[in-house]
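What the coordinates show
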Amino acid sequence: MKSTSKHTVSNMELDTQVDAHPIEAEPEFNKLVDTAISRRRFFGAGAALGLGGFFAFSATGCAVSSGMPKSKLMGFTPISTSTADTVVLPDGYQWQTLVSWGDPLFKNAPTFDPSGNAPAASQAQQFGDNTDGMSFFPLNDHRAILAINNEYTNYKHLFSHGGKELTKDDVLKAQYAHGVSIMEIERDSQNRWQVIQDSAYNRRIHVQTEMHLTGPAAGHELMKTKADSQGKVVFGTMNNCSNGQTPWGTYLTCEENFNGYFGASESVARTEEQKMYGIKNNESRYHWYKHDDRFNFGKNPNEPHRFGWIVEIDPKNPKSTPLKRTALGRFKHENVALHINKDNHVVAYMGDDERGAHIYKFVSKNKYNPNNQAANRDLLVEGTLYVAKFSMTDNKGTGEWVELTYGKNGLTKANGFADQAEVLIFARKAAKHVGATTMDRPEWVAVHPAGHQVFCTLTNNKHRGKKEGQTVGGPNPRAENHYGQIVRWTPPAQDHTATTFEWDLYLVAGNPAVHSDAYAGSSNINEANMFNSPDGIGFDQGGRLWIQTDGNYKNQGDFAGQGNNQMLCADPDTGEINRFMVGPTACEITGLAFSPDSRTMFVGIQHPDAHFPAGGDAKPRSTVIAITRQDGGIIGA
């Protein structure tokens with residue numbers, strides 16, 4: 001494990017450091033082909049399945065790919081890779097810093113102190129650290145609210161002592177650097193944006209913010225603690241990775257690697273469920289449990305159960321209480337992609353970002369009412385949770401959604417589940433029991449604007465083909481997968497509540513400059529657009545698919561020629577992929593939001609480790625940037 005006093009730890013490395021107890025078992029269902037990968041084209045928005053099938057890594061695939069028409073969605077000139085400590089964009093594009101870690105969000109808040117000696121009280125009034133997922137909530141043509149996740153913090157930069165001499169105030173400062181930052185922003189006549197520091201909308205939500213539990217797990221015995229005998233009130237949210245946005249105007253923030261904040265003495269025995277979720281005695285990164293008993297699972301064994309949820313926040317009401325939606329299950333939530341089905345049920349797709357973990361779907365019990373937004377506020381309280389099983393039938397990718405409901409599919413007391421609350425609190429255990437497919441770290445999910453396809457990034461998996469239960473095949477086609485891929489599925493007749501689907505692989509990342517086998521990537525990957533570890537993903541209104549990476553930026557060995565982490569733009573129909581942006585040294589590109597007119601794109605630069613954005617000898621700071629075209633046009637077009 002690398003010391004945070006010497007190294008800025010990326011989220012990719014954090015996953016390695018706090019890697020959960022492996023989800024070992026994979027049932028016999030996973031007899032998936034491990035040779036060619038079926039990749040079928042889907043022609044046009046909502047159109048029927050095309051017949052132009054091809055197989056990645058094969059001559060057939062190359063032939064079909066070369067015959068594909070050039071995309072009409074993308075009008076920019078693709079850029080080359082970069083290792084510079086700056087943001088690189090195509091000709092005709094420009095970027096500006098919108099907000100960086102430590103910037104004041106309130107009129108009387110202190111400015112950023114690069115010394116690392118500022119107290120916790122300062123951080124509580126400033127933009128949090130390590131920006132991640134974000135959503136844009138328009139107020140009018142020129143003003144909006146931006147809600148942004150602050151995933152974690154690097155002690156190397158947060159403290160002058162690098163975390164070696166932690167005090168209780170230091171721990172509080174680190175807790176204030178986590179969570180969500182909500183701010184009002186304004187656009188001027190030159191299409192430049194700025195934060196409005198005196199806005200009534202501005203708010204910091206962090207590890208000490210009061211929140212309420214809702215749904216089946218609220219009030220359960222496993223949610224009760226010494227401080228909360230009712231099991232309904234939680235303080236805080238942390239490791240807020242990506243996000244979601246509801247059509248009724250709320251923000252969804254996702255708690256990911258929550259396990260890395262809990263610790264206990266070596267004498268405390270861990271339960272099998274704690275092991276499955278990666279809870280460890282010798283937590284060695286944050287050390288909160290040494291100063292805040294809430295994070296000592298020896299003293300508060302149920303406190304970890306209160307994290308790992310999706311939290312719903314009303315960004316337009318700064319006095320509102322955030323709500324943890326337990327009906328959507330507890331795991332390492334990466335993001336949540338909402339879709340209003342044609343029958344008005346709300347469908348939420350989610351990935352559990354762990355090697356060998358799973359993809360989930362939630363279907364609301366009640367229906368969305370576009371004419372009564374107030375009534376929609378409880379749609380995530382009740383519903384049905386499912387987990388995905390991928391298979392191959394006659395060389396075609398097929399799958400099913402297995403219901404995770406108490407009393408069904410073996411989720412009974414005899415098998416270790418006392419009630420529905422336990423199914424949700426231990427959703428990983430339930431998914432394993434019903435035989436869900438283990439995946440190569442499911443990250444962001446995105447639903448095509450037309451509603452006919454769903455895409456999910458599988459970022460990488462060093463354990464594939466090595467650990468029991470993580471066999472090679474189907475949507476996870478390569479052993480020791482360090483490049484990643486994107487799987488997509490289509491529900492029958494665009495009915496996202498259906499329990500079956502068909503799937504293929506949209507792309508398989510690789511390095512064709514180094515490899516000539518499966519590790520070169522699929523036929524739509526070449527030396528001009530190659531990358532590794534797709535992570536963030538999202539669509540704009542025009543149907544362009546944006547892909548962000550959080551991978552190896554060493555630019556050598558298997559990753560030679562791939563440069564810094566980047567963002568690419570893709571056509572979901574033709575398969576064409578072009579590099580649009582490269583980030584600064586050691587950063588992850590993460591977080592994506594657009595202004596309603598599609599003329600501004602907001603992107604996060606997480607954990608830069610040189611001197612971005614100020615340059616010179618400045619301390620690096622995670623930053624949200626705003627990207628525009630010099631001619632004021634639509635981004636990507």
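These figures come from a predicted structure and were not determined experimentally.

We now examine the overall build of the protein chain. Across its full length, the protein chain holds eight helices and 32 strands. The proportion of buried residues among the 637 residues of the protein chain is 63%. The contacts in the protein chain between residues at least 6 apart in sequence include a share of 65% that link residues at least 24 apart. Of the roughly 21600 Å² of accessible surface on the protein chain, 48% is carried by carbon and sulfur atoms.

A few words now on the sheet that holds strand β24 (residues 485-490). Spatial ordering of the open sheet is given by β15-β16-β18-β19-β20-β25-β24-β23-β22, a layout of nine strands whose pairing is antiparallel. The outermost strands of the open sheet, each flanked by one partner alone, are β15 (333-340) and β22 (442-447). In this sheet, neighbouring strand axes are inclined to one another by 30° on average, regardless of whether the strands run parallel or antiparallel. Of the strand pairs in this sheet, strand β20 (residues 396-403) and strand β25 (residues 500-508) are connected by four bridges, and their pairing is antiparallel. Looking at β25, one finds that E400 is bridged to T500.

Moving on to the environment of K467. Within the element layout of this structure, K467 appears in the loop between β23 (454-458) and β24. What makes K467 partly exposed here is its relative accessible area of 27%.

Turning our eyes to something else, we now look at the confidence of the model for the protein chain. For any part of a model where pLDDT is low, the fine detail of the predicted coordinates should not be relied upon. With 89% of its residues at a pLDDT of 70 or more, the protein chain has an overall mean of 91. Overall, residues 1-66 carries pLDDT values under 50, and its contacts beyond four positions in sequence, including any with other chains, amount to 187 contacts.

Ordered in space as β26-β27-β28-β29, the four strands form an open sheet in which the pairing is antiparallel. Looking at the sheet topology across the chains shown, the edges are occupied by β26 (534-539) and β29 (577-582). In this sheet, neighbouring strand axes are inclined to one another by 25° on average, regardless of whether the strands run parallel or antiparallel. Both strand β28 (residues 566-570) and β29 contribute to a ladder of five bridges, which runs antiparallel. By the bridge assignment, L568 is partnered in β29 with R579.

Time to look at the nonpolar core. By size, the foremost hydrophobic cluster in this structure holds 63 residues, and its most contacted members are M238, W288, M350, Y360 and L404. Take this core: its biggest share by element is four residues, from helix α7 (residues 420-425). Aside from chain neighbours lying at most four places away, what touches L404 is Y360, L385, Y386, V387, L411, Q420, V423, A430, A431 and V434. Judged by nonpolar contacts, the second largest core, of 22 residues, contains Y386, F390, W401 and L505.

Inspection of the entire model under this criterion finds seven cavities of 30 Å³ or more. The calculated volume of the largest cavity comes to roughly 80 Å³. Every residue along the wall of the largest cavity is listed here: W101, F112, D113, G116, A118, P119, S122, Q123, Q126, H157, L158 and K173. When residues of the lining of the largest cavity are traced back to their parent elements, those giving at least two are α3 (120-123) and α4 (155-158). Across the lining of the largest cavity, the residue classes tally to five nonpolar, five polar and two charged.

In this structure, the largest pocket spans a volume of roughly 1100 Å³. Around the largest pocket, the lining comprises 36 residues; the ones closest to its centre are S135, G244, Q245, L338 and F539. Those elements giving two or more residues to the lining of the largest pocket turn out to be β4 (131-138), β11 (240-245), β15, β22, β26 and β30 (588-594). The leading source of residues in the lining of the largest pocket is β15, at six residues. Class assignment for the residues of the lining of the largest pocket results in 20 nonpolar, 14 polar and two charged.

Let us look at the pattern of salt bridges. If charged atoms from side chains of opposite charge come close, those side chains can pair. With the rule as written, the count across this model stands at 28 salt bridges. In this structure, K224 and E221 form a salt bridge, with 2.7 Å as the shortest nitrogen-oxygen distance. Among the residues examined, K224 registers a relative accessible area of 27% and is labelled partly exposed. Bridged by salt links that share partners, the residues D228, R294, E303 and R306 form one connected network.

Attention now moves to the packing of aromatic side chains. The tally for this structure, following the rule as stated, stands at 33 aromatic pairs. Ring pairing ties together the aromatic residues Y155, F159, Y261, F262, Y286, W288, F295 and F307, which thus form one cluster. Sitting over the ring of F417, K429 keeps its end group 5.1 Å from the ring centre. Seen from the ring of F112, R621 lies directly overhead, with NZ or CZ sitting 3.9 Å from the centre.

Let us now look at unusual backbone geometry. Across residues other than glycine, the phi torsion is negative in most instances, and most of the peptide bonds are trans. Note that the residue after F612, namely P613, is joined by a cis bond; omega there is 5°. Following the sequence through the fold, P613 ends up in the loop between β31 (600-606) and β32 (623-629). Non-glycine residue N344 carries a positive phi angle of around 75°. Its location among the elements puts N344 in the loop between β15 and β16 (345-352). Residue class for N344 comes out partly exposed when judged on its relative accessible area of 30%.

In terms of burial, β15 is largely enclosed, as seven of its eight residues are buried. The pairing of β15 with β16 spans six bridges and is antiparallel. Among the inter-strand pairings, H339 is bridged to a residue of β16, identified as V347.

Attention now moves to the pairing of strand β18 (residues 359-367). Bridge count between β16 and β18: six bridges; the pairing is antiparallel. Within β18, the position partnered with V347 by the bridge is V363. Sheet topology places β18 next to strand β19 (residues 383-393); five bridges connect them, and they run antiparallel. Across the sheet, residue Y360 finds its bridge partner in β19, namely V387.

This part covers the side chain of T459. By secondary structure assignment, the location of T459 is in the loop between β23 and β24. Given the relative accessible area of 0%, T459 is considered buried. A distance of 3.0 Å separates a polar side-chain atom of T459 from the backbone oxygen of P534. Not counting residues up to four positions away in its chain, the partners in contact with T459 are D440, R441, E443, Y483, G484, S533, P534 and D535.

Okay, the side chain of Q123 next. Topologically, Q123 is positioned in helix α3. A polar contact is formed between the side chain of Q123 and the side chain of W101, at a distance of 3.0 Å.

Attention shifts here to helix α5 (residues 168-177). With respect to burial, α5 is a largely interior element, seven of its 10 residues being buried. Buried within α5 we find D170, V171, K173, A174, Q175, Y176 and A177. In the core, the buried residues of α5 are packed alongside α3, β5 (143-150), α4, β6 (179-187) and β8 (203-205). Where α5 terminates, the next one or two residues include G179, which has phi positive at roughly 105°.

Cut-offs applied
- Residues numbered from 1 in each chain as written.
- Predicted model: local features only at pLDDT ≥ 70, side-chain atom pairs only at ≥ 80, totals over all residues.
- Heavy atoms only, no water.
- Helix = DSSP H or I, 4+ residues; strand = E, 2+ residues; numbered from the N terminus.
- Buried < 20%, exposed > 50% of the residue type's maximum accessible area, 1.4 Å probe, protein only.
- Contact = heavy atoms within 4.5 Å.
- Areas by Shrake-Rupley, 256 points an atom, 1.4 Å probe, with all protein chains shown as cover.
- Pairing = 2+ DSSP bridges.
- Axes fitted to C-alpha atoms, helices over the stretch in contact; angles between N-to-C directions.
- pLDDT = per-residue confidence, 0-100.
- Core = buried A, V, L, I, M, F, W, Y, C linked by side-chain atoms within 4.5 Å.
- 1 Å grid on protein atoms, 1.4 Å probe; cavity = no way out; pocket = protein on both sides within 12 Å on 5 of 7 lines; lining within 4 Å.
- Points joined across faces, edges and corners; volume = space filled by probe spheres on them.
- Nonpolar A, V, L, I, M, F, W, Y, C, P; charged D, E, K, R; others polar.
- Salt bridge = Lys/Arg side-chain N within 4 Å of Asp/Glu carboxyl O.
- Phe/Tyr/Trp six-rings, centres within 6.5 Å; stacked < 30°, edge-to-face > 60°.
- Lys NZ or Arg CZ within 6 Å of the ring centre and 35° of its normal.
- Polar contact = N/O pair within 3.5 Å; in protein donor to acceptor, adjacent residues only side chain to side chain.

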